[in-house]
Amino acid sequence: MRTTSSGKRLFIEAVVVVVSILLAFAIDAGWDQRQARQDERAVLRGLQSELQESRLIIESSRRNTAQAYERLKYFVAAPRSELLALSPVAAVGEVFQPLTRQWDETLPRGALDAATGSGKLASISDPVLRAALARLGGAHASVKEMTAVIGEMDARTVAMLGELEGIQAIFVMPEPELDSGTLGALRDDPKIMGATTAKIWFLAGYLYQLQLLEATIDENLELIAAVLDD
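Notes on the structure follow. (Residues numbered from 1 in each chain as written. Predicted model: local features only at pLDDT ≥ 70, side-chain atom pairs only at ≥ 80, totals over all residues. Heavy atoms only, no water.)

### Concerning the side chain of Thr196
Structurally, the position occupied by Thr196 is in helix α8 (residues 190-229). We classify Thr196 as buried; its relative accessible area is 0%. Other than its neighbours up to four places away in sequence, Thr196 contacts Leu72, Phe75, Val76 and Leu99. (Helix = DSSP H or I, 4+ residues; strand = E, 2+ residues; numbered from the N terminus. Buried < 20%, exposed > 50% of the residue type's maximum accessible area, 1.4 Å probe, protein only. Contact = heavy atoms within 4.5 Å.)

In structure tokens, the structure reads:
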């Protein structure tokens, strides 16, 4: 009887030890899951805020770029007499600025780059969201590449424009003006008109890439909101 009783006690003690170990593992696993979930939500909130800010910047860039695009098309296609009737002050905004600058703005990428560099994107539980975030990086790269191309074009155009005395004078005026003689010279210069046509083409490409990026951002914002609301 003593042997049987002692065996039962040892068995019960062993069961208690095993149950205690399993319970400790379960508690640790639950804690790890909760911590992982909190980390994921923190990453997603940072990405959400960043993408919402990017959305506003894209809207501003698209509006200003579209305006420059239309002004350059006017410079190329407007009747010469109508073009030369522009006031010297208006000609700066209608012709010189669209020819020499672009209205891109740097998009915030701190949260996305940090999540990518730290490997935290891989910890996001939703595979559809992970794939969408991967596409976001590619969309950013396409916009950046197009921006660089237009920047190089602008630099070459500025070098050509700088050879004209009427353009040189702009930089020493209290209020920049572009006289009709210089404006006519720009219109008659085949190199300037070629540069203008090329920029019109690439601005259209830039606007298209912005549209794709915006669509990708909207997709990610929708997916992030769904995960955070879960």
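### Remarks on the side chain of Thr147
With respect to the helices, strands and loops of the structure, Thr147 is situated in helix α5 (residues 127-161). Residue classification places Thr147 among the buried positions, given a relative accessible area of 15%. Once residues within four sequence positions are removed from consideration, Thr147 is found in contact with Gln102, Asp104 and Tyr206.

### Describing the pattern of salt bridges
Proximity of charged atoms lets side chains of opposite charge pair with each other. According to the stated counting rule, one finds nine salt bridges in the structure shown. Arg109 serves as the salt-bridge partner of Asp113, at 2.8 Å between the closest nitrogen and oxygen. Linking Asp154 and Lys199 is a salt bridge whose minimum nitrogen-to-oxygen distance equals 2.9 Å. Separated by 45 residues along the polypeptide, Asp154 in helix α5 and Lys199 in helix α8 bring together distant segments of the chain. Of the two residues, Asp154 and Lys199, neither departs from the other in class, the shared state being buried. Through salt bridges that share partners, Arg55, Arg62, Glu214 and Asp218 make up one connected network. (Salt bridge = Lys/Arg side-chain N within 4 Å of Asp/Glu carboxyl O.)

### Considering the packing of helix α3 (residues 88-100) against α8
Running from N to C, α3 and α8 point in directions that differ by 70°, and their axes come no closer than 10 Å. Looking at the two axes, α3 sits roughly perpendicular to α8. Where α3 abuts α8, its residues Pro98, Leu99 and Thr100 lie against Ile192, Thr196 and Lys199. Looking at the contact of α3 with α8, its residues break down into three nonpolar, two polar and one charged. (Axes fitted to C-alpha atoms, helices over the stretch in contact; angles between N-to-C directions. Parallel < 35°, antiparallel > 145°, perpendicular 65-115°, else oblique. Nonpolar A, V, L, I, M, F, W, Y, C, P; charged D, E, K, R; others polar.)

### Notes on the environment of Gly151
In this fold, Gly151 is placed in helix α5. Sequence separation between Gly151 and Arg101 is 50 residues, and the spatial gap between their C-alpha atoms is 7.7 Å.

### Focus: the layout of surface pockets
Of the pockets and cavities examined, the largest pocket occupies roughly 270 Å³. Counting only elements with at least two residues in the lining of the largest pocket, the list comes to α1 (2-77), α5 and α8. Here the lining of the largest pocket takes six residues from α5, the largest share from any one element. Considered class by class, the residues forming the lining of the largest pocket number eight nonpolar, four polar and four charged. (1 Å grid on protein atoms, 1.4 Å probe; cavity = no way out; pocket = protein on both sides within 12 Å on 5 of 7 lines; lining within 4 Å. Points joined across faces, edges and corners; volume = space filled by probe spheres on them.)

### Considering α8
Residues spaced three or four apart along an α-helix point in a common direction, a consequence of the helix completing one turn every 3.6 residues. Given a rise of 1.5 Å per residue, 40 residues ought to cover 58 Å, and the 58 Å separating the end C-alpha atoms of α8 matches this to within 8%. At the N-terminal boundary of α8, the capping side chain belongs to Asp189, with an oxygen 2.9 Å from the backbone nitrogen of Lys191. (Expected span 1.5 Å × (residues − 1). Polar contact = N/O pair within 3.5 Å; in protein donor to acceptor, adjacent residues only side chain to side chain.)

### A look at α5
Over its 35 residues, α5 extends 52 Å from the first C-alpha to the last, a length consistent with the 51 Å expected when each residue adds 1.5 Å. Where α5 begins, the capping side chain belongs to Asp126, and its oxygen is found 2.9 Å from the backbone nitrogen of Val128.

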